[in-house]
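Structural characterization, general
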Amino acid sequence: GQQVMQIPQYQHVQEGEDFTTYCNSSTTLSNIQWYKQRPGGHPVFLIQLVKSGEVKKQKRLTFQFGEAKKNSSLHITATQTTDVGTYFCAGISNFGNEKLTFGTGTRLTIIP
Amino acid sequence: DTGVSQNPRHKITKRGQNVTFRCDPISEHNRLYWYRQTLGQGPEFLTYFQNEAQLEKSRLLSDRFSAERPKGSFSTLEIQRTEQGDSAMYLCASRVGTGGWDEQFFGPGTRLTVL
């Protein structure tokens, strides 16, 4: 079955440093979504990428979808304490498929 | 509050007992999903509904699990003869579901502990 892996599993950064998490799928994806889950909270949608090579920005967050549509990344510039949480990518393997496969997540902690 | 709601938020039960969870999606959303999340892992897909029809079930959903969505509004997830391995957070999500994939809205989850 489809597997979605993320690295690193954990990341500790000093406040103000940058952070990147990488997502890799065992199969080609039709689209990919990113979610953030705060400690004790539920996943909250951040963004969806659909096109090969697509890049989207949300303030300090930059999302990329690989050319082969099998990998993606999330980069946060100048982290803040509010960025703490676990970041999940979630892929959809085929157009029309309703099953969203979540990655293993990257847990980000910020050192003030 | 117009978000997805789930009840109860916490459930502690003894092994072998039956439990039922409820999810109330955002009112105009026709797609409803159930996920299970264990500590340190991402949510795992269990099943989904389009209106009242249950259209896909994961192989994770054993015969002890059943889900319904009568009238296409709220949904229930029942686990019969609970086992310790069923301990997890059960998340419900909904989305509008027209014209391709869009944002999924998650509820706060029901945390199940099986003793």
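Note that the structure is predicted; figures quoted are calculated from it, not measured.

Cut-offs applied
Residues numbered from 1 in each chain as written. Chains lettered and ligands numbered in written order. Predicted model: local features only at pLDDT ≥ 70, side-chain atom pairs only at ≥ 80, totals over all residues. Heavy atoms only, no water. Helix = DSSP H or I, 4+ residues; strand = E, 2+ residues; numbered from the N terminus. Rg over C-alpha atoms; globule rule 2.2 N^0.38 Å. Buried < 20%, exposed > 50% of the residue type's maximum accessible area, 1.4 Å probe, protein only. Salt bridge = Lys/Arg side-chain N within 4 Å of Asp/Glu carboxyl O. Disulfide = S-S within 2.5 Å. Contact = heavy atoms within 4.5 Å. Buried area = accessible area lost by both parts, 1.4 Å probe. Polar contact = N/O pair within 3.5 Å; in protein donor to acceptor, adjacent residues only side chain to side chain. Nonpolar A, V, L, I, M, F, W, Y, C, P; charged D, E, K, R; others polar. Pairing = 2+ DSSP bridges. Axes fitted to C-alpha atoms, helices over the stretch in contact; angles between N-to-C directions.

1. So, the overall build of chain A
Within chain A, the regular secondary structure consists of zero helices and eleven strands. For chain A, the α and β elements follow one another from N to C terminus as β-β-β-β-β-β-β-β-β-β-β. For 112 residues, the compact-globule formula gives about 13 Å, and the C-alpha radius of gyration of chain A, at 13 Å, lands near that figure. With the C-alpha coordinates of chain A rotated into their principal frame, the extents come out at 45 × 25 × 20 Å. In chain A, which comprises 112 residues, the share counted as buried stands at 49%.

2. Re the pattern of salt bridges
All names here are of chain A. This structure, assessed with the given rule, holds six salt bridges over all chains. The residue Arg-60 makes a salt bridge to Asp-83 at a minimum N-O spacing of 2.9 Å. With Arg-60 in the loop between strand E6 (55–58) and strand E7 (61–65) and Asp-83 in the loop between strand E8 (71–76) and strand E9 (85–92), this residue pair connects regions lying 23 residues apart in the sequence. Under the relative-accessibility criterion, Arg-60 is labelled partly exposed at 23%.

3. Side note on the state of the cysteines
As enumerated under the stated definition, the model contains two disulfides over all chains in all. Each sulfur of the disulfide joining Cys-23 of chain A and Cys-89 of chain A lies 2.0 Å from the other. Classification of the bridge connecting Cys-23 of chain A and Cys-89 of chain A rests on its S-S torsion, roughly 80°, and on that basis the disulfide is right-handed. Taken together, the positions of Cys-23 of chain A in strand E3 (residues 19–25) and Cys-89 of chain A in strand E9 put the pair 66 residues apart, joining distant regions of the chain. The exposure classification of Cys-23 of chain A matches that of Cys-89 of chain A, with both residues buried. Between the sulfur atoms of Cys-23 of chain B and its disulfide mate Cys-92 of chain B the distance is 1.9 Å. Disulfide Cys-23 of chain B to Cys-92 of chain B: torsion about the S-S bond roughly -65°, handedness left-handed. Residue Cys-23 of chain B is located in strand E3 (residues 19–24), and its partner Cys-92 of chain B is located in strand E9 (residues 88–95); the two are separated by 69 residues in the primary sequence.

4. Considerations on the interface of chain A and chain B
Taken together, the contact between chain A and chain B spans 17 residues of the former and 20 residues of the latter. Between chain A and chain B, roughly 1,600 Å² of surface is buried when both sides are summed, and carbon and sulfur atoms account for 55% of that area. When the buried surface of chain A facing chain B is broken down by residue, His-42, Glu-98 and Phe-102 of chain A rank first, second and third, together holding 36% of it. The interface formed by chain A and chain B holds zero salt bridges in total. Applying the counting criterion to the chain A and chain B interface returns three residue pairs in polar contact (both at pLDDT 80 or more). Those elements giving two or more residues to the side of chain A that touches chain B turn out to be strand E4 (31–37), strand E5 (44–49), E9 and strand E10 (100–102) of chain A. Residues that form the side of chain A that touches chain B fall into these classes: seven nonpolar, eight polar and two charged.

5. Regarding the sheet that holds E8 of chain A
Residues and elements named next belong to chain A. Judged by pairing direction, the sheet is antiparallel, and its five strands sit side by side in the order E1-E3-E8-E7-E6 without closing on themselves. With one partner strand each, in any of the chains shown, strand E1 (4–7) and E6 form the two edges of the open sheet. With direction set aside, neighbouring strand axes in the sheet form an average angle of 15°. In this structure, E3 lies alongside E8, joined through six bridges in antiparallel fashion. Within the sheet, the bridge partner assigned to Thr-20 lies in E8 and is His-75.

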